[in-house]
Amino acid sequence: MTHVIQVQQLTKSYGPVRAVDGLSFTVRSGEIFGLLGPNGAGKTTTLSIIEGILPPDEGRVEVLGLDVSVRPREVKRRIGVQLQQTSLIRELRAWEQVALFGRLYGVRMDRKRAQELLARVGLDARANAYPDALSGGQRKRLTLALALVNDPDILFLDEPTTGLDPQARRALWDIVRDIAAQGRTVVLTTHYLEEAEALCHRVGLMDGGRLIALDTPAGLIRRAGLAAVIHVHATTSLQHLAHRPEVLAIHQEGQRFRIHTRDVAATLQALTRETGVDASSIHIQQPSLEDAFIQLTGRRLHA
Amino acid sequence: MNQATTLNPARRRAGLPSDWEAAAAFAGMMLRATLRDWRTLGILLFTPAIMLVVFRVTGSDDGFDLLAFVFPAIVAMSVFFAGAPFAVRIVGWREQDVFRRLACTPAPLGWVVAAYGVTFVLIALLQSGVILLAGRFLFGIAGSASGAAWAILPLLLGAVIFVAYGGLLAGWVRKAETLNLLYIFTLFPMMFGGEVFVPAGNAPGLWQTAASWLPPALMLRLLRPLLQEGQWPDDALLLLAALTAYALLLTLLAARRMAGLARHEPHAR
């Protein structure tokens, strides 16, 4: 497996605050890799160092085999960056922004080519609009077009959907999936758990500048050792199921039961076979990435 | 370390843009954008245009042609104020994270900012030219055509000085309102002490001496004889040398400050 990013023992402090604390991880070619964590976890600082716009205090970063601190311009030429803030030049129309950024990357881009790129992010109809006339979602898509202007091998998206409504967020997810499907590696930061679950092949959980865990979303949930919860309505007691090896606990409130289990299938089988409860009254709650985050960090993501 | 992936080998053969190419592309695009912003250009031209009208109406007195005296200063006004809109835009860039976004490209940020400054120099010269033509053809102000052509030199040096001055202020001040006030409150004493619009006879002697060696007075000491008589003053070389020194010093200071911003601003979060 080819690694396109290798981060080794990265450290960065702002005065007394250690924003990144001994971070090490790798990103594989073609994957959507997410850095997930609360505000102040060090995600943006980490991304800035990898993008070559912020020098680390210690540690080493290689992007596409290039040492970022030694060859930052070459790295910048081969990556695309979308910042958290939209950062657009207010005096330029949408297509002009694309054309100008193309020239900054040495890409000759006339109006036609700029418009084609805008079409890829569904913004060709707004090519003549100034940034102030665009909605939040459209501005995000324009910044995504700017990140694609140099046909990058790796795309960095910093909180790409923050501030967007659910519809615009899902539309942007589709664009990101489409970009990844073309063989590009995507690295994104987010504090939306559902975004990480929906988009990312692997997720690094960050907290306090450290990497708490790194795995697939399902792997993180497994690693946290979290149980699924079966909600069931029953007229008879279900306490005898507590003796089953996969069942962790049973809570009862009147005729409503919550069964915490490590093996949903086995418990369900026992539940329907041994107690004869109505299957239509059963509701299964699988553990989420948020549950895993709480389990692994001891606190909620959106405290 | 594993080998890097190359998804688009054809593109890899394309070289990086040279610093000049990136800067020229940026300046060209921003110049076009500024020139089509008729409202802003109109506002910038409004003050010198209204001054032409006011001084024409107030006319001459006791053989002293007030309009002829102030006309070179009105021509230079666009240059005096060129640094303010540049500085305000730079402050806006800092607020809106544009610096950080530009720093993500392979183009050197210092060159890009300098290119942006050049667009304001060109706009100031264009505005001065418009006022010069309006004065000559609409208000009938007499003067030398060759002198007007030579006037481009002190105007150019002045534009570089004031745009660099604006850039320097923008490197330190974070609010547009504060920046505008600071620009005006430092420019006006220079102008009034340096006999730009009115004779400085009532100003304190020490201030007159100091102001006469500040950029507005230096420019006017060159522009008045050029625009009125079509001749360079006797001390033209000294005055041009002083303006060049200001231009170099302020550009150097602004560039150093901008370079500092380029290093620190992208990640001041």
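Calculation rules
Residues numbered from 1 in each chain as written. Chains lettered and ligands numbered in written order. Predicted model: local features only at pLDDT ≥ 70, side-chain atom pairs only at ≥ 80, totals over all residues. Heavy atoms only, no water. 1 Å grid on protein atoms, 1.4 Å probe; cavity = no way out; pocket = protein on both sides within 12 Å on 5 of 7 lines; lining within 4 Å. Points joined across faces, edges and corners; volume = space filled by probe spheres on them. Helix = DSSP H or I, 4+ residues; strand = E, 2+ residues; numbered from the N terminus. Nonpolar A, V, L, I, M, F, W, Y, C, P; charged D, E, K, R; others polar. Disulfide = S-S within 2.5 Å. Buried < 20%, exposed > 50% of the residue type's maximum accessible area, 1.4 Å probe, protein only. Axes fitted to C-alpha atoms, helices over the stretch in contact; angles between N-to-C directions. Parallel < 35°, antiparallel > 145°, perpendicular 65-115°, else oblique. Left-handed = near helix turned anticlockwise from the far one by under 90°. Contact = heavy atoms within 4.5 Å. Buried area = accessible area lost by both parts, 1.4 Å probe. Salt bridge = Lys/Arg side-chain N within 4 Å of Asp/Glu carboxyl O. Domains from an automatic or database assignment. Polar contact = N/O pair within 3.5 Å; in protein donor to acceptor, adjacent residues only side chain to side chain. pLDDT = per-residue confidence, 0-100.

Q: Mind showing me how you'd approach the layout of surface pockets here?
A: Residues and elements named next belong to chain B. Here the largest pocket defines a volume of roughly 1000 Å³. If you trace the largest pocket, you find 36 residues lining it, with Asp37, Thr40, Leu44, Pro85 and Arg89 closest to the centre. Of all the secondary-structure elements, those providing two or more residues to the lining of the largest pocket are helix H2 (19-35), helix H3 (38-58), helix H4 (66-80), helix H5 (83-95), helix H7 (109-137) and helix H10 (176-193). With 8 residues, H5 is the largest single contributor of residues to the lining of the largest pocket. Here the residues of the lining of the largest pocket are counted per class, giving 20 nonpolar, 8 polar and 8 charged.

Q: Honestly, the state of the cysteines in this entry has me stumped. Any pointers?
A: What is meant by a disulfide is a covalent connection between two cysteines, made through their sulfur atoms. Under the definition given, this model contains 0 disulfides over all chains. Of the cysteine sulfurs around Cys200(A), a residue in no disulfide, the closest is that of Cys104(B), at 20 Å. Of the residues examined, Cys104(B) reaches a relative accessible area of 1% and is grouped as buried.

Q: What am I meant to see in the packing of helix H9 (residues 152-172) of chain B against H10(B) here?
A: In a pair of packed helices, the angle between the axes and the distance between the axes together describe the arrangement. Residue and element names in this part refer to chain B. Running from N to C, H9 and H10 point in directions that differ by 135 degrees, and their axes come no closer than 10 Å. Comparing the axis directions of H9 and H10 gives the class oblique. Seen along the crossing, H9 lies across H10 with a hand that is right-handed. Contacts from Phe162, Tyr165, Gly166, Leu169 and Ala170 in H9 reach Leu179, Leu182, Tyr183, Thr186 and Leu187 in H10. Of the residues that constitute the contact of H9 with H10, the class distribution is 8 nonpolar, 2 polar and no charged.

Q: I'm lost on the interface of chain B and chain A in this one. Help?
A: The figure often quoted for interface size is the accessible area lost as the parts come together. In this complex, chain B contributes 40 residues to the contact, which on the side of chain A involves 48 residues. Across the chain B/chain A interface, buried area totals approximately 4200 Å², and carbon plus sulfur atoms make up 55% of it. There are 3 salt bridges connecting chain B and chain A. The residue Glu91(A) makes a salt bridge to Arg89(B) at a minimum N-O spacing of 3.2 Å.

Q: What am I meant to see in the domain arrangement of chain A here?
A: Residues and elements named next belong to chain A. As assigned here, chain A comprises domain 1 (1-78 + 152-226 + 289-303), domain 2 (91-144) and domain 3 (227-286). Taking only C-alpha atoms, the centre of domain 1 and the centre of domain 2 are 26 Å apart. If you sort the residues of domain 1 by the area they bury against domain 2, Leu164, Leu172 and Ile175 come out on top, with a joint share of 43%. Our enumeration of links across domain 1 and domain 2 arrives at 0 salt bridges. Linking domain 1 with domain 2 are 2 residue pairs in polar contact (both at pLDDT 80 or more), by the criterion used here.

Q: Quick question: what am I supposed to make of the confidence of the model for chain B here?
A: One rule of thumb: low pLDDT means the predicted coordinates there are not for detailed reading. All names here are of chain B. This prediction gives chain B a mean pLDDT of 83; 86% of its residues lie at or above 70. Model confidence for chain B, summarised as mean pLDDT per element, is weakest for helix H1 (residues 9-12) at 42 and strongest for H9 at 95. Every residue in residues 1-13 scores below 50 in pLDDT, and together they form 30 contacts with partners more than four places removed in sequence or on other chains. As scored by the predictor, the complex reaches a pTM of 0.82 and an ipTM of 0.81.

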